[in-house]
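Given next are the chains, with one letter for each unit.
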Amino acid sequence: MAIIKYLGHAAFEIVLTGLDGGEKTILIDPWIENPNSPVKLDDYRGRRIDYIFVTHDHGDHLGNAIDIAKATGAKVVGIFEIALYAREKGVETIDGNIGGRLRIDDLYVVLTPAYHSSSRGAPTGVVVGGRDATIYHAGDTGLFAEMSFIGELYQPDIAMLPIGGHYTMGIREAVKAVQLIRPKIAIPMHYGTFPPIKADPEEFKKLVESTTPAKVAILKPGETLVYP
Ligand code: ZN
């Protein structure tokens, strides 16, 4: 089972049953000081978080990763240069790079390309797979044709895709991304946090559901999707 909680912007907390049946709690891009966040840093003190995935080092993605790792003992997982930075800040890390599979405990993890920028290393997306669900978080990215390979190779059940435009894909590109990736469920993210990335998730939903078999789950910050 996967329990996916949206923390606003591009931040998610996910409880995922691993390939061997153990449960892992992970965060992706935990900028929990975002204006719509339902959680605070204090909420994480003493909590068990296993891994924090960081797609790139922009402040709205690296966010509070270091502080949460310090508060929880979570390991920061990301591209080599981000892991190096996190290690210098005194937290445990797992470094990887864009390419093949990283086996982390009983999770299946792949860092994917993302068309974006980052000061430390290349920007990435991340695929995380467990026993019952494979999740693709695209990070910040423009549309790229190789998204079809992500769909073909890892067959994500759920894809979190930016729809806000300006810095990432907008709705038009994100609809095309769903057509390329072919997830069962698409979750829009990275919209509405600031004026330049205002977008209507209902429009995304209408366009995706009228052109693909995928369903769109619009999560308000704090809302949870349980899969399957
Ligand atoms: Zn960014």
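For the structure given in this document, a descriptive report is provided here. The model shown is predicted, which means the values in this text are computed figures rather than measured ones.

1. Considering helix 6 (residues 201-211)
Stage number 1. For helix 6, the complete set of buried residues consists of Pro-201, Phe-204 and Val-208. Seen end-on, helix 6 carries its buried residues on one side only, within an arc spanning 55°. Seen from the open side of helix 6, the exposed residues pointing more than 90 degrees away from its buried face are Lys-206 and Ser-210.
Stage number 2. Against the buried residues of helix 6 lie helix 5 (171-181), strand 12 (185-189) and strand 13 (215-216).
Stage number 3. Its side-chain oxygen 2.9 Å from the backbone nitrogen of Glu-202, Asp-200 forms the N-cap of helix 6.

2. Let's talk about the coordination of the zinc ion
Stage number 1. Note on the zinc ion: its protein donors are His-56 (NE2), His-58 (ND1), His-116 (NE2) and Asp-140 (OD). The metal-donor distances range over 2.2 to 2.4 Å.
Stage number 2. Counting the intervening residues between successive donors of the zinc ion yields the motif H-x1-H-x57-H-x23-D.
Stage number 3. In this structure His-56 comes out as buried when scored by relative accessible area, which is 0%.
Stage number 4. Residue His-58 is classed as partly exposed on the basis of its relative accessible area of 24%.

3. So, the nonpolar core
Stage number 1. In this structure, Ile-4, Ile-14, Phe-53, Ile-158, Met-160 and Ile-187 are the most contacted members of the largest nonpolar core, which totals 30 residues.
Stage number 2. When residues no more than four places from it in sequence are discounted, the contact partners of Phe-53 are Ile-26, Leu-27, Ile-28, Asp-29, Pro-30, Val-77, Val-109, Val-126 and Val-128.
Stage number 3. Residues Ile-150, Met-169, Ala-186 and Tyr-191 belong to the second largest nonpolar core, which totals 25 residues.

4. Quick notes on the sheet that holds strand 9 (residues 124-129)
Stage number 1. Ordered by their spatial adjacency, seven strands build an open sheet running 7-8-9-10-11-12-13, and the pairing between neighbours is mixed. Two strands close off the open sheet at either side, each with one partner strand: strand 7 (101-104) and strand 13.
Stage number 2. Relative to strand 8 (residues 107-113), strand 7 runs antiparallel, the two being bridged by four bridges. Bridging from a neighbouring strand, Leu-102 pairs with Val-109 of strand 8.

5. Re the pattern of salt bridges
Stage number 1. For the structure on display, the rule yields eleven salt bridges.
Stage number 2. A salt bridge links Arg-103 to Asp-20; the shortest N-O distance between them is 3.9 Å. In this pair, Arg-103 sits in strand 7 while Asp-20 sits in the loop between strand 2 (12-17) and strand 3 (23-28), placing the two residues 83 residues apart along the sequence.
Stage number 3. Overall, the relative accessible area of 47% leaves Arg-103 in the partly exposed class.
Stage number 4. Residue class for Asp-20 comes out exposed when judged on its relative accessible area of 62%.
Stage number 5. Residues Arg-120 and Asp-57 are paired through a salt bridge, measuring 3.0 Å at the closest nitrogen-oxygen approach. Of this pair, Arg-120 sits in the loop between strand 8 and strand 9 while Asp-57 sits in the loop between strand 4 (51-53) and helix 1 (59-62), and the two are 63 residues apart along the sequence.
Stage number 6. Exposure remark for Arg-120: the relative accessible area of 29% places this residue in the partly exposed category.
Stage number 7. For Asp-57, a relative accessible area of 8% translates into the label buried.
Stage number 8. A cluster of three or more residues bridged by salt bridges with shared partners is formed by Lys-24, Asp-105 and Asp-106.

6. Description of the sheet that holds strand 3
Stage number 1. Sheet architecture is open: seven strands sit in the order 6-5-4-3-2-1-14, paired in mixed fashion. Two strands lie at the open edges of the sheet, namely strand 6 (93-96) and strand 14 (224-227), each paired on one side alone. Within the sheet, the average angular offset between the axes of one strand and its neighbour, ignoring direction, is 20°.
Stage number 2. As judged from the three bridges shared by strand 3 and strand 4, these two strands associate in the parallel manner. Note that in strand 4 the partner of Leu-27 across the bridge is Ile-52.
Stage number 3. Lying on the sheet, helix 2 (residues 65-72) is in contact with strand 3, strand 4 and strand 5 (75-79); it crosses strand 4 at an angle near 175°.
Stage number 4. Most of the contacts of helix 3 (residues 80-88) go to strand 6, to which it runs at about 160°, and overall it touches strand 5 and strand 6.

About the criteria used
- Residues numbered from 1 in each chain as written.
- Predicted model: local features only at pLDDT ≥ 70, side-chain atom pairs only at ≥ 80, totals over all residues.
- Heavy atoms only, no water.
- Buried < 20%, exposed > 50% of the residue type's maximum accessible area, 1.4 Å probe, protein only.
- Helix = DSSP H or I, 4+ residues; strand = E, 2+ residues; numbered from the N terminus.
- Arc of directions from axis to C-beta.
- Contact = heavy atoms within 4.5 Å.
- Polar contact = N/O pair within 3.5 Å; in protein donor to acceptor, adjacent residues only side chain to side chain.
- Donors = N, O, S within 2.8 Å, 3.2 Å for Na, K, Ca; no water.
- Core = buried A, V, L, I, M, F, W, Y, C linked by side-chain atoms within 4.5 Å.
- Pairing = 2+ DSSP bridges.
- Salt bridge = Lys/Arg side-chain N within 4 Å of Asp/Glu carboxyl O.
- Axes fitted to C-alpha atoms, helices over the stretch in contact; angles between N-to-C directions.

These figures come from the coordinates and say nothing about function on their own.
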